[in-house]
Amino acid sequence: MPTSMKMTDELWQAIIHNDSAYDGRFYYGVRTTGIFCRPSCKSKNPNIEHVNLFENAEQAVADSFRPCKRCKPDNMRLPDEEWVQQLIQLIEERYEEPLTLQVLADTIHASPYHLHRMFKRIQGETPLEYIQKIRLREARRILSEPSHLTVSEIAKRVGFPNSAYFATLFHKKTGMTPSDYRNNTPKAAETGTEAANNKEV
Ligand SMILES: [Zn+2]
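Reference entry: report on the structure contained in this document. (Residues numbered from 1 in each chain as written. Predicted model: local features only at pLDDT ≥ 70, side-chain atom pairs only at ≥ 80, totals over all residues.)

Here four strands make up an open sheet; going across it, the order is E3-E1-E2-E4 and the pairing mixed. The open sheet has two free edges, formed respectively by strand E3 (51-54) and strand E4 (66-67), since each of these has just one partner strand. (Pairing = 2+ DSSP bridges. Helix = DSSP H or I, 4+ residues; strand = E, 2+ residues; numbered from the N terminus.)

In structure tokens, the structure reads:
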């Protein structure tokens, strides 16, 4: 790793107080998001355990960090397409969590408003529409496999805490209720008697 700077109390104070006097003197990357910032960045305070320090922006880039969209270190900018790809990857990995526009925006250090517009322009649908699409895709996958899960358990598992809402949305998008979908889908891997007992809801 090309990081040569050690965290000191002075640098940490500069980060948490967004101290612009330190801009240009160092940069910090947050390993959980893969994004690096100037000290003055107004983004959420990182967990100190996840911070890497860099003397310059090139070091951060060499260490695979991406420039923050909000504070644009060294005026580096990533094409919006790359941000959207990053968001899509995040959604694919974390669709079962309560992902809100704010959570996504915090992750790439953008405002929710900007994120919404950028995603819609490039992807043709809003981030929330995209999340619902992925959740429904996963629900269909689980419903088409033999399992003992109830529909509300499946709803929760794919990120819909409210199973009535899940059932409504599912019906709207597929024309079937989740139970009908389950009963009408040929099971790819019907194994033994276990699969036969999934009549509930
Ligand atoms: Zn930043």
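Okay, the packing of helix H3 (residues 80-94) against helix H6 (residues 127-143) next. The relative placement of two packed helices comes down to the angle between their axes together with the axis-to-axis distance. Relative orientation of the contacting elements H3 and H6 amounts to 40 degrees, with a least axis distance of 10 Å. Helix-helix and strand crossings are classified by hand; for H3 and H6 the assignment is right-handed. In this structure, H3 contributes Leu 87, Ile 91 and Glu 92 to the contact, and H6 contributes Pro 127, Tyr 130, Ile 131 and Ile 134. Counted by class, the contact of H3 with H6 contains six nonpolar, no polar and one charged residues. (Axes fitted to C-alpha atoms, helices over the stretch in contact; angles between N-to-C directions. Left-handed = near helix turned anticlockwise from the far one by under 90°. Contact = placed C-beta atoms within 7 Å. Nonpolar A, V, L, I, M, F, W, Y, C, P; charged D, E, K, R; others polar.)

A general trend in soluble globular proteins is that nonpolar side chains are found buried together. Formed by 28 residues in total, the largest nonpolar core has its most connected members in Ile 35, Phe 36, Cys 37, Leu 87 and Ile 108. At the level of elements, helix H1 (9-16), strand E1 (27-30), strand E2 (35-37), E3, H3, helix H4 (101-108), helix H5 (112-123) and H6 are the ones that each hand at least two residues to this core. A total of four residues in this core trace back to one element, the largest contributor, which is H3. Each of domain 1 (9-75) and domain 2 (78-201) gives at least three residues to this core. Setting aside anything within four residues of it in sequence, one finds Phe 36 in contact with Tyr 27, Tyr 28, Gly 29, Phe 54, Ala 60, Phe 65, Pro 67, Cys 68 and Pro 73. Counting 10 residues, the second largest nonpolar core, distinct from the first, contains Leu 136, Leu 143, Val 151 and Ile 154. (Core = buried A, V, L, I, M, F, W, Y, C linked by C-beta atoms within 7 Å. Buried ≥ 20, exposed ≤ 12 C-beta atoms within 10 Å, placed from the backbone. Domains from an automatic or database assignment.)

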